[in-house]
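The residues making up each chain are set out below.
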Amino acid sequence: MSRPGSFRDRFEEGREFCTALFPKRRRGGSTAEGFLKALAQFPLAGLGGARERMQEYVLERGVDPARMGRYLVFGLDGSKQNLPRTEANVDRFGGATKEPPLPQRLTVAAVAMGRRMLWDWESGAGTDSERGLALKISSRLPKGCLQVVDAGFVGYRWCRQAMEEGRHVLMRVG
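Presented here is an overview of the structure given in this document. (Residues numbered from 1 in each chain as written. Predicted model: local features only at pLDDT ≥ 70, side-chain atom pairs only at ≥ 80, totals over all residues. Heavy atoms only, no water.)

A word on the side chain of Ser-138
The line we're drawing: Put simply, DSSP H or I for four residues or longer makes a helix, DSSP E for two residues or longer makes a strand, and each gets a number counted from the N terminus. Relative accessibility thresholds used throughout: buried, under 20% of the residue-type maximum; exposed, over 50%; partly exposed, between the two (1.4 Å probe, protein chains only). Only heavy atoms matter for contacts: two residues are in contact if any of them lie within 4.5 Å across the pair.
Examined against the element boundaries, Ser-138 turns out to sit in helix 5 (residues 130-140). The class for Ser-138 is buried, based on a relative accessible area of 1%. Filtering out sequence-adjacent residues up to four positions away, Ser-138 remains in contact with Gln-147, Trp-158, Ala-162, Glu-165 and Arg-167.

Here it is as structure tokens:
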């Protein structure tokens, strides 16, 4: 497996993958910068249903984006994003920093490692539990899959639940 390149390289790879999935449709944007600008304007509320439909669509076409050898491999990690300090954001996400409070969103994502494709995600306030969001994702992944995580990302409860649900864990340690 090649190491992921720059954001622009990953954007190009994702664009090629989408073009292969939808060959008869008009091609999407051509630059990573334009994609980021469009994404900032995109309403995120309806993405839960889009996630399931995207997964169904890919699997119906015989594409197995997580396949690496004999395993279905998913990388899981979380990230915090600073949000604009608006009253609505502070009300919705709370203040995750000291005064003045800065609202943050925590997103945990599962990436199908075979094609490096975003497969699943959970999002909450910056003060939410990263492990709790990861447990929700883990329970939706296929049984028998291999989850690749950082050591600080998970704890005993997370590993125990993953194993009880029939999933494997590969943990990177320092």
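Concerning the nonpolar core
The line we're drawing: Definition used in this section: a nonpolar core is a set of buried Ala, Val, Leu, Ile, Met, Phe, Trp, Tyr and Cys residues joined via side-chain atoms within 4.5 Å.
Phe-74, Leu-76, Trp-119, Leu-141, Phe-153 and Trp-158 are the most contacted members of the largest nonpolar core, which has 26 residues in total. Going through the elements one at a time, helix 1 (7-21), strand 2 (71-82), strand 3 (104-112), strand 4 (117-125), helix 5 and helix 6 (156-164) are the ones with two or more residues in this core.

Some thoughts on the environment of Leu-135
Counting through the fold element by element, Leu-135 comes out in helix 5. Between the C-alpha atom of Leu-135 and that of Val-108, which follows or precedes it by 27 residues, the distance is 9.9 Å. Leaving out residues up to four positions away in the same chain, Leu-135 has contacts with Arg-157, Trp-158 and Gln-161.

Some thoughts on the packing of aromatic side chains
Heads up, the rule is: The aromatic pairing rule takes the rings of Phe, Tyr and Trp, using the six-membered ring of Trp, and pairs them if the centres are within 6.5 Å, calling planes under 30 degrees apart stacked, those over 60 edge-to-face and the rest tilted. Over a ring means this: the NZ of a Lys or the CZ of an Arg is within 6 Å of the ring centre and within 35 degrees of the ring normal.
One pass over the full model with this rule turns up 2 aromatic pairs. With a centroid separation of 4.9 Å and an interplanar angle of 20 degrees, the aromatic rings of Phe-22 and Tyr-57 are classed as stacked. Note that Phe-22 is positioned in the loop between helix 1 and helix 2 (32-40) and Tyr-57 in helix 3 (residues 47-60), a separation of 35 residues in sequence. Its end group placed over the ring of Tyr-57, Arg-61 keeps NZ or CZ at 3.4 Å from the ring centre. Its guanidinium or amino end placed over the ring of Phe-93, Arg-92 lies 4.6 Å from that ring's centre, counting from NZ or CZ.

Description of the packing of helix 5 against helix 6
To keep it simple, the criterion reads: Note on definitions: angles span 0 to 180 degrees between N-to-C directions of axes, and those axes are lines fitted to C-alpha atoms, for helices only across the stretch in contact. Oblique is the label for any angle not covered by the other classes, which are roughly parallel (under 35 degrees), roughly antiparallel (over 145) and roughly perpendicular (65 to 115). Each residue is assigned to one of three groups, with Ala, Val, Leu, Ile, Met, Phe, Trp, Tyr, Cys and Pro labelled nonpolar, Asp, Glu, Lys and Arg labelled charged, and all others, Gly among them, labelled polar.
Across the interface, helix 5 lies against helix 6 with an axial gap of 10 Å and an inter-helix angle of 5 degrees. Taken as axis vectors, helix 5 and helix 6 run roughly parallel relative to one another. Here Arg-131, Ala-134, Leu-135, Ser-138 and Ser-139 of helix 5 come into contact with helix 6, specifically with Arg-157, Trp-158, Gln-161 and Ala-162. The class makeup of the residues in the contact of helix 5 with helix 6 is 4 nonpolar, 3 polar and 2 charged.

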